[in-house]
Amino acid sequence: MSSEGREQYDVVVVGGGPGGSTLAALVAMRGHRVLILEKETFPRYQIGESLLPSTIHGVCRMTGVAEKLAAAGFTPKKGGTFRWGANAEPWTFSFSVSPKIAGATSHAFQVERSKFDNILLEHAVEKGAEVRFRVSVTDVIEDAERVTGVRYTDADGTEHEVHATYVVDASGNGSRLHKRVGGTREYSQFFRSLALFGYFEGGKRLPAPNSGNILSVAFESGWFWYIPLTPDLTSVGAVVRRENADKIQGDPERALLALIDECPLIKEYLSDATRVTEGQYGQLRVRKDYSYHQTNFWRPGLVLIGDAACFVDPVFSSGVHLATYSALLAARSISSSLAGIVSEEAAFTEFEARYRREYGVFYEFLMSFYDMHVDEDSYFWSAKKVTRNQHTELESFVELVAGVSSSEFDLDGAESAALRMKSKSAEFVSAIDEMSADADGNMTPLFRSSAVRQAMQEGAQVQSRAFLGEDLGPDVPMFPGGLITSDDGMLWQPGPA
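Small disclaimer: the values here were computed from a predicted structure and weren't measured. (Residues numbered from 1 in each chain as written. Predicted model: local features only at pLDDT ≥ 70, side-chain atom pairs only at ≥ 80, totals over all residues. Heavy atoms only, no water.)

Taking 1.5 Å as the rise per residue, helix H7 (residues 319-338) with 20 residues should run 28 Å; its terminal C-alpha atoms sit 28 Å apart, in good agreement. One or two residues past the end of H7 sits Gly340, with phi positive at roughly 75°. (Helix = DSSP H or I, 4+ residues; strand = E, 2+ residues; numbered from the N terminus. Expected span 1.5 Å × (residues − 1).)

As for its position among the elements, Pro480 is in the loop between helix H13 (450-468) and strand S20 (484-485). According to the relative accessible area criterion, Pro480 is exposed, its value standing at 85%. (Buried < 20%, exposed > 50% of the residue type's maximum accessible area, 1.4 Å probe, protein only.)

The next thing to look at is the pairing of strand S13 (residues 222-228). In terms of burial, S13 is largely enclosed, as seven of its seven residues are buried. As defined by bridge partners, strand S12 (residues 214-219) adjoins S13 across five bridges and the pair is classed as antiparallel. Residue pairing for S13: Ser216 is matched across the bridge by Trp225. Remark: two residues form the turn of the hairpin made by S12 and S13, two consecutive strands paired antiparallel. By the bridge criterion, seven bridges tie S13 to strand S14 (residues 233-241) in an arrangement that is antiparallel. Looking at the pairing, Trp223 lines up with Val239 of S14. (Pairing = 2+ DSSP bridges.)

Relative to each other, helix H2 (residues 53-63) and H7 sit at 25°, their axes nearing to 10 Å. Accordingly, the angle class assigned to the pair H2 and H7 is roughly parallel. In this structure, the crossing between H2 and H7 has a hand that is left-handed. Facing Ser54, Thr55, Val59 and Met62 of H2, the residues of H7 in contact are Val320, His321, Thr324, Tyr325 and Leu328. Residues of the contact of H2 with H7, tallied by class, amount to five nonpolar, four polar and no charged. (Axes fitted to C-alpha atoms, helices over the stretch in contact; angles between N-to-C directions. Parallel < 35°, antiparallel > 145°, perpendicular 65-115°, else oblique. Left-handed = near helix turned anticlockwise from the far one by under 90°. Contact = heavy atoms within 4.5 Å. Nonpolar A, V, L, I, M, F, W, Y, C, P; charged D, E, K, R; others polar.)

It is worth spelling out the side chain of His57 at this point. By secondary structure assignment, the location of His57 is in helix H2. Here the side chain of His57 touches His107 through a polar contact of 2.8 Å, landing on its backbone oxygen. (Polar contact = N/O pair within 3.5 Å; in protein donor to acceptor, adjacent residues only side chain to side chain.)

On to helix H4 (residues 113-126). Over its 14 residues, H4 runs 20 Å from end to end, which matches the ideal 20 Å to within 8%, given 1.5 Å per residue. Burial within H4 is extensive, with ten of its 14 residues counted as buried. Considered for burial, the residues of H4 that qualify are Arg113, Ser114, Phe116, Asp117, Asn118, Ile119, Leu120, Leu121, His123 and Ala124.

Next up on the list: unusual backbone geometry. Most peptide bonds are trans, and most residues other than glycine sit at a negative phi. Looking along the chain, the bond that leaves Phe42 and enters Pro43 is cis, with omega of -5°. Assignment of secondary structure puts Pro43 in the loop between strand S2 (34-37) and H2. With a phi angle near 55°, Arg134 is a residue other than glycine that sits in the positive phi range. Looking at the secondary structure, you find Arg134 in the loop between strand S7 (130-132) and strand S8 (136-143). One non-glycine residue, Ala144, lies in positive phi territory at about 60°.

Turning to the confidence of the model for the chain, a few remarks are in order. Counting all residues, the mean pLDDT for the chain is 80, and 74% of those residues have values of 70 or more. With pLDDT under 50 throughout, residues 373-423 is counted as low confidence; its partners more than four residues away or in other chains account for 85 contacts. Below pLDDT 50 for its whole length, residues 443-448 participates in 24 contacts with residues either more than four positions away or in separate chains. (pLDDT = per-residue confidence, 0-100.)

Our next topic: the environment of Ser106. The topology assignment puts Ser106 in the loop between strand S5 (91-94) and strand S6 (108-110). In this structure Ser106 comes out as buried when scored by relative accessible area, which is 14%. Here the alpha-carbon distance between Ser106 and His57, two residues 49 residues apart in the chain, equals 9.0 Å.

Now for the packing of helix H1 (residues 18-28) against H7. H7 packs onto H1 with a crossing angle of 30° between their chain directions and a minimal axis gap of 8 Å. Our classification of the angle between H1 and H7 gives roughly parallel. Where H1 crosses over H7, the handedness of that crossing is right-handed. Residue-level inspection shows Pro18, Gly19, Thr22, Leu23, Leu26 and Val27 of H1 in contact with H7, the latter providing Val320, Ala323, Thr324, Ala327, Leu328, Ala330, Ala331, Ile334 and Ser335. Split by residue class, the contact of H1 with H7 holds eleven nonpolar, four polar and no charged.

With that out of the way, let us pick up the pairing of strand S10 (residues 159-169). With seven bridges joining them, strand S1 (residues 7-14) and S10 adopt parallel strand pairing. Counterpart to Val11 in the pairing with S10 is Tyr166. The sheet contact formed by strand S9 (residues 146-153) and S10 spans five bridges and is antiparallel. When the sheet's bridge partners are listed, Gly149 is paired in S10 with His163. Taking the residues that link successive antiparallel strands as the turn, the S9-S10 hairpin has five residues, and the phi of Gly157 there is positive, at about 85°.

All right, on to the nonpolar core then. Counting residues in hydrophobic clusters, the biggest one holds 69 residues, and the most contacted among them are Val11, Val13, Leu23, Leu37 and Phe351. Once residues within four sequence positions are removed from consideration, Phe351 is found in contact with Phe297, Val303, Leu304, Ile305, Ser326, Leu329, Ala330, Ser333 and Trp492. Ranked by size, the runner-up nonpolar core spans 34 residues in total, among them Ala108, Leu120, Val239 and Tyr281. (Core = buried A, V, L, I, M, F, W, Y, C linked by side-chain atoms within 4.5 Å.)

This next bit is on the layout of surface pockets. If you add up the space inside the largest pocket, you get close to 1100 Å³. Around the largest pocket sit 50 residues that line it, and Gln46, Gly172, Asn173, Arg287 and Asp307 are the ones nearest its centre. Sorting the residues of the lining of the largest pocket by element identifies H1, S8, S13, strand S16 (285-294) and H7 as the ones contributing at least two each. Among the elements that line the lining of the largest pocket, the one with the most residues is S16, at four residues. The two domains that each donate at least three residues to the lining of the largest pocket are domain 1 (8-74 + 108-188 + 291-379) and domain 2 (194-288). (1 Å grid on protein atoms, 1.4 Å probe; cavity = no way out; pocket = protein on both sides within 12 Å on 5 of 7 lines; lining within 4 Å. Points joined across faces, edges and corners; volume = space filled by probe spheres on them. Domains from an automatic or database assignment.)

Now the structure itself:
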């Protein structure tokens, strides 16, 4: 293809899900040419229906799509309800208890992803991005050490090339391009699960005002999610440990019913329900929920966001949050580099450090959460024992939290992390016990837990910046010598000298 006729964009985004659409919208809003390449047609089915407030009121507010989501009729989610830990009774947390997530921002949504993702993609197009459907990206184009575009095949089988200053891989856990940043995909030994899930009509709801909450219920073989998508439609999935893979083999209908029989609370909630057997929700599906992270998140010209970079156990519904948050970080890096405000190296180093930190915070918090369960025969006790292996899981754990490569890893750091995790776990259990014993349902003890506060800190900061802009005051670096965000949250700027 001649240089005169070749297609050239500022950014090519591979994948039109929440991460890809969010990044495309943010970069297009800065006046840059953006092309999204999507292998399917929208709307299409996708798992991951339970969202967090920082996605709705933070990132989506910045792109301008929040009002469209509010008008879409999705089920409001005020918090979460759990039958988890030593306490036999379900307990509930509410977003509104945190002073940083109050008033109009104290909720998220349960969404049908086919509708949610379509709204985000159409919004990105409204902001100036282009999209091509039914195309399969096969590889990147390289010029020396830099990625300069991608090759793709359209629905007719015709091969194409498109060039760009930056390629963003937002294609999820099935990414073909993640290997092209270099490094490897490292899998966690702590979170290695399989999920069997489907959809039901007529399932029971939690009492108001928590009827829209996700219900997560631990049982001997793992845990269930129970997500009320509409007044009548519920997403139901059983997550089991890898050693129990035989429980989801064979006839999936029989396997799911057997797992439901193991979990009395879920069985009660589905006692009058009927499984959906037609349409996009008619299939029982199996997914490997193996947590992982890529050892590199970027190289010159190529950046991984969302599940292409890392994935963590889904019990706290962090998937769409991590996808859209990483999209925001990467969009800042791309726009700042294209504008010459900071160097590419500084911009993407900041992206990777912050994304690793957020992933690490959820990872550490989830370790504390799983450590609550005291039944030695349970999945959670088995998972807990893995963390005692100082040469595998803890090494990976500290690498994620600190954002350092394994060659720089110090085992003393792993011991410190182990003690910190155990301390946070004990603190978290104490908070749950105190909260459960309070007849008035006071949530304050939960939010005194440093594990909870840390997990919510960055999301609250994103929300505050989206709402208040320059009125929030100047940003401060997250890391020594690091960058800060602009008042509108769209760019990186050099930190104070």
